[in-house]
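Structural overview for review
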Amino acid sequence: MKPVPHTTSLRRAPVQRRSAERLTRILDACADLLDEVGYDALSTRAVAVRAGVPIGSVYRFFGNKRAMADALAQRNLERYTERVTERLKEAGSDGGTSRSSGAESGGGWRAAVDAVLDEYIAMKRTAPGFSLVDFGNQIPVGSGHAEPNHRVADRLTDLLSGYLSREPDEDLRRTFLVAVETADSLVHLAFRVAPEGDEKVIEETREMLRAYLARVLD
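Keep in mind it's a predicted model, so treat the numbers as computed, not measured. (Residues numbered from 1 in each chain as written. Predicted model: local features only at pLDDT ≥ 70, side-chain atom pairs only at ≥ 80, totals over all residues. Heavy atoms only, no water.)

**Looking at the confidence of the model for the chain**
Note the cut-off: What pLDDT reports is the predictor's confidence in each residue, on a scale of 0 through 100. Every residue pair with non-hydrogen atoms within 4.5 Å of one another is taken to be in contact.
Of the residues in the chain, 84% have a pLDDT of 70 or more, and the chain-wide mean is 85. A low-confidence stretch, residues 1-7 (pLDDT under 50), is modelled with 17 contacts involving residues beyond four sequence positions or located in other chains. Every residue in residues 95-106 is under pLDDT 50, and counting partners more than four places away or in other chains gives 18 contacts.

**Things to note about the side chain of threonine 175**
Operational definition: The numbering of helices and of strands both runs from the N terminus, where a helix is a DSSP run of H or I of at least 4 residues and a strand a run of E of at least 2. The classification of residues rests on relative accessible area computed with a 1.4 Å probe and restricted to protein chains. Under 20% of the type maximum is buried, over 50% is exposed, and intermediate values are partly exposed.
With respect to the element layout, threonine 175 can be found in helix α8 (residues 170-193). Accessibility expressed as a relative area gives 9% for threonine 175, which makes it buried. Non-local contacts of threonine 175, meaning those with residues more than four positions away in its chain, are made with Tyr212, Leu213 and Val216.

**Description of the environment of leucine 132**
In this fold, leucine 132 is placed in helix α6 (residues 130-133). Judged by relative accessible area, which is 17%, leucine 132 ranks as buried. Along the primary structure leucine 132 and alanine 73 are separated by 59 residues, whereas in three dimensions their C-alpha atoms are 9.2 Å apart.

Next up, the structure:
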């Protein structure tokens, strides 16, 4: 199972700091407007107005609003990876918390799974535009291709294999892909049940992930 290659929807990558800051404003505006008006009513002109940039600046980076949404999803994945990485660093330096797979105190791989799930839930609750684009453009809602979850699973496999001192082989990649697909479906269910995510469904998701992963990681 080969990792899914990272793709970019940018027409042109920013080189100068000013250009990078402008791109950030454009994506921030896109995220805010997705929450406010939805994808159908989103337009490149509205994004340009909200970002305070000329419309030409938007087209410098993106050919259309779909490409903007794709870039926002890619940025979400980068930020998610950073958040999980920071959580793992904290867990690794937490006063001797064991990294061994058999740790029953909540350390080791269980702490890593908690970090992965908790940061995903946090972004679902707080990141603008996340409910629509997530880590891969899901517009229209529910039409997402399998690739985004493959990309997330590959990123987590590479990240967690080092933390857990495991070889990121095909079997581990398959295990994490199944875990990501399962968690994605159940977290979406939690947010359909309650706007902020039903806590009972989330805890059931956590227990299911731990039970499934224990057969490989314990």
